[in-house]
Amino acid sequence: MKLLTHNMLTSKCIKGVQEGYPLRLKVENVEVKESDYNQEFIVRLLPKIRYDAIYSAAKDAGIAEDLPDSLPEDAATSEEFLRKLHHVLLEIEIMAGELVCPETGRIFPIQNGIPNMLLTAEESI
């Protein structure tokens, strides 16, 4: 699971959960898979992502050392920052671990890079 995917996941579909975002990340295994850098794509992502959630997930994964703790004012024009963000969003792959609902503590396992977000009938809205 890429951190870009993590940034879009929520557990709001669980009964009683108001926001369910961001899911906490517990990492067991990470792989780095290189991908071509596309500056235009990363710039277009900026208004669509929640940087605070990305930074938190990167910290949980132990890969936040190169990222600033808040979105820089010049984010869209700083190639150095955009390359770092590209790496964190698209090249880091969480292969094993857990996603945890911030409101209920419900654990969703990640195996082989795939998060299992399936709910039981009792948990569903």
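Described below are features of the structure shown in this document. (Residues numbered from 1 in each chain as written. Predicted model: local features only at pLDDT ≥ 70, side-chain atom pairs only at ≥ 80, totals over all residues. Heavy atoms only, no water.)

What follows deals with helix H3 (residues 51-60). The buried fraction of H3 is high, at seven of ten residues. Every buried residue belonging to H3 is among Tyr 51, Ala 53, Ile 54, Tyr 55, Ser 56, Ala 57 and Ala 58, and all of these are buried. The elements touched by buried residues of H3 are helix H1 (3-6), strand E1 (24-32) and helix H4 (79-91). Downstream of H3 by one or two residues, Gly 62 has phi in the positive range, about 75 degrees. (Buried < 20%, exposed > 50% of the residue type's maximum accessible area, 1.4 Å probe, protein only. Helix = DSSP H or I, 4+ residues; strand = E, 2+ residues; numbered from the N terminus. Contact = heavy atoms within 4.5 Å.)

Looking now at the environment of Leu 23. Mapping Leu 23 onto the fold places it in the loop between H1 and E1. The spatial distance from the C-alpha of Leu 23 to the C-alpha of Ala 53 is 8.5 Å, given a sequence separation of 30 residues. Non-local contacts of Leu 23, meaning those with residues more than four positions away in its chain, are made with His 6, Leu 9, Thr 10, Ser 11, Leu 99, Val 100, Cys 101, Pro 102 and Met 117.

This part takes up the nonpolar core. Formed by 34 residues in total, the largest nonpolar core has its most connected members in Leu 3, Leu 25, Phe 81, Leu 85, Leu 89, Ile 94 and Leu 99. At the level of secondary structure, the elements contributing two or more residues to this core comprise H1, helix H2 (39-45), H3, H4, strand E2 (92-100) and strand E3 (107-111). With six residues, H4 is the largest single contributor of residues to this core. The contact partners of Leu 99, leaving out residues within four places of it in the chain, are Met 1, His 6, Leu 9, Leu 23, Arg 24, Leu 25, Arg 106, Ile 107, Phe 108, Ile 110, Pro 115 and Met 117. (Core = buried A, V, L, I, M, F, W, Y, C linked by side-chain atoms within 4.5 Å.)

Relative orientation of the contacting elements H3 and H4 amounts to 65 degrees, with a least axis distance of 11 Å. The chirality of how H3 crosses H4 is left-handed. On H4, the residues touching Tyr 51, Ile 54 and Ala 58 of H3 are Phe 81, Leu 85, Val 88 and Leu 89. Among the residues making up the contact of H3 with H4, the classes are represented as seven nonpolar, no polar and no charged. (Axes fitted to C-alpha atoms, helices over the stretch in contact; angles between N-to-C directions. Left-handed = near helix turned anticlockwise from the far one by under 90°. Nonpolar A, V, L, I, M, F, W, Y, C, P; charged D, E, K, R; others polar.)

As a further point, take the packing of aromatic side chains. One pass over the full model with this rule turns up one aromatic pair. Measuring from centroid to centroid gives 5.9 Å for Tyr 51 and Phe 81, while their planes differ by 55 degrees, and the two rings are tilted. Of this pair, Tyr 51 sits in helix H3 while Phe 81 sits in helix H4, and the two are 30 residues apart along the sequence. A single burial state applies to Tyr 51 and to Phe 81, both of which are buried. (Phe/Tyr/Trp six-rings, centres within 6.5 Å; stacked < 30°, edge-to-face > 60°.)

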